[in-house]
Amino acid sequence: MDTKNPGDVRKTHWLDAERLRVYPWLFISVYVVLGAAWIALSHDGVDIKGKPLGYDFIAFWAASRVALEQSALAAYDLATIVQAEREVFPGILTAHPWHYPPTFYLLVLPLSLLPYALSFIAFTGATLGAYIAVLRRALPQREALPWLFAFPGTMLNLFHGQNAFLTAALMGGGLLCLQRRPVTAGVLLGLLAIKPHLGLLIPVALAAGGHWRAFAGAALSSVTLLGLSSAVLGVETLAAFVDRLPHVSQWVANNQLPQVKMPTLFVTTLMLGGPTWLAYALHIGLTMGAAAALWWLWRAPVTRTLQYAGLCCAALLASPYLFDYDLAWLALPLAWSVRHGLEHGWRPGEREILMLAWLLPIVFQGLAVVTHLGIGPFVIGALFIVILRQAGRERTPGIPV
């Protein structure tokens, strides 16, 4: 175990101080060039592949427009949402269905009050700001900021116009409030009802840690959000969302939703030719194993940030429905695990696993296309094991966060 001067990697590891300074700026430079080329090669807001700039954000904006001009329920009809999207971008060749719960629908309802481009900038800028603010608290070292912007998960979510900045900020913000403001923490965690499959293991962690005030706050905020969204949008939107779930599962199984972009064990099993029942069985087994490990971690007398990191990893492993842009969440466990390693030292191979997890969002899809194997759940699982090992080396009460 490398414990001598753990914050100094210059003499003991290939990832030395010079590389730590230079590498993020190389990535950022590539993103800027690619982004500029993407915009320059587009025409009337549509890129060379026939997709709208901002990709998935068009579904958010179009659902808002349908709700304000027709009814919220109408957005769950594929023909209606596609027509609304093509009224904005007549040249797009893709369809972006609306299959989100009414809890998230309530949030995006005002988006079409602004023109598409301004709405995209406002939504993405606000959620990115919250995401970076949470990560800066998780890893406060000044040198970490370029790495946060260079993280491929950040760029993927930015280009997709998706909501992973928001969901990661809710998870991270809730965990950071847990000790001093448990009710606030619960409210933030409960707001993950906007994407409920990402919060499957939150009750396990809160119960294991005895955080009952936060547990109650999370339950209350999620139920309140569901009730408010049903009242504003109509209870039939909840029924429509539930009715869409089997269709979404079928789209995944039939590769109508691109499997190469989905880093879950469920989808990896399907990509390898496994039947759907086996994919479900393996994924349920993984979820149960992750829940058991998480219970141990949150019961153990270890640094709280390791518990937070473990919950984020376990949440990603437990969700059968996950896309590459959701890997923006990995910045949270990476930040907390790196912080712990800088303070307490590393074992051989741990930093390599962290670097692989950092690269995962940008390499996952390409490797899946070439190898027909999704490495996502294995890399996330390896990061989870690193966190569990860090906790296992500790097991000492009273360690400050």
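Heads up: the structure comes first, above all this text.
This one's a predicted model, so the numbers in the text were calculated from it and none came from an experiment.

Engineer: How should I be thinking about the packing of helix 8 (residues 164-176) against helix 9 (residues 182-190) in this particular structure?
Structural biologist: The packing of two helices is summarised by the inter-axis angle and the distance between the axes. The geometry of helix 8 relative to helix 9 is characterised by a closest axis approach of 8 Å and an angle of 165 degrees between their N-to-C directions. Classified by the interaxial angle, the pair formed by helix 8 and helix 9 is roughly antiparallel. Crossing hand, helix 8 versus helix 9: left-handed. Together, Leu170, Met171, Gly173, Gly174 and Leu175 of helix 8 and Ala185, Leu188 and Leu189 of helix 9 make up the contact between the two elements. When grouped by side-chain class, the residues that make up the contact of helix 8 with helix 9 number 6 nonpolar, 2 polar and no charged.

Engineer: How should the packing of aromatic side chains be read in this particular structure?
Structural biologist: Any two aromatic rings considered together are summarised by their centre-to-centre distance and by the angle between their planes. In this structure the tally under the stated criterion is 28 aromatic pairs. Measuring from centroid to centroid gives 5.5 Å for Tyr321 and Phe323, while their planes differ by 80 degrees, and the two rings are edge-to-face. Taking relative accessible area as the criterion, Phe323 reaches 6% and is therefore assigned buried. Put simply, the rings of Phe57, Phe60, Trp61, Tyr76, Phe89, Trp98, Tyr100, Phe104, Tyr105, Tyr116, Phe120 and Phe123 touch in pairs and so form one group of aromatic residues. The side chain of Lys51 reaches across the aromatic face of Tyr55, ending 5.1 Å from its centre.

Engineer: Hey, could you run me through the pattern of salt bridges in this one?
Structural biologist: A side chain of one charge can pair with a side chain of the opposite charge if their charged atoms are brought near each other. Going through the model one piece at a time under the given rule, you end up with 7 salt bridges. Here Glu350 ties to Arg393 by a salt bridge, and the two come within 2.8 Å at their closest N and O atoms. Here Glu350, found in helix 17 (residues 350-371), pairs with Arg393, found in helix 18 (residues 376-394); they are 43 residues apart in sequence, far enough to count as distant. The class of Glu350 is buried, set by a relative accessible area of 0%. Several salt bridges share partner residues, and in doing so they unite Arg65, Glu69 and Glu87 into one network.

So, how was this worked out
- Residues numbered from 1 in each chain as written.
- Predicted model: local features only at pLDDT ≥ 70, side-chain atom pairs only at ≥ 80, totals over all residues.
- Heavy atoms only, no water.
- Axes fitted to C-alpha atoms, helices over the stretch in contact; angles between N-to-C directions.
- Helix = DSSP H or I, 4+ residues; strand = E, 2+ residues; numbered from the N terminus.
- Parallel < 35°, antiparallel > 145°, perpendicular 65-115°, else oblique.
- Left-handed = near helix turned anticlockwise from the far one by under 90°.
- Contact = heavy atoms within 4.5 Å.
- Nonpolar A, V, L, I, M, F, W, Y, C, P; charged D, E, K, R; others polar.
- Phe/Tyr/Trp six-rings, centres within 6.5 Å; stacked < 30°, edge-to-face > 60°.
- Buried < 20%, exposed > 50% of the residue type's maximum accessible area, 1.4 Å probe, protein only.
- Lys NZ or Arg CZ within 6 Å of the ring centre and 35° of its normal.
- Salt bridge = Lys/Arg side-chain N within 4 Å of Asp/Glu carboxyl O.

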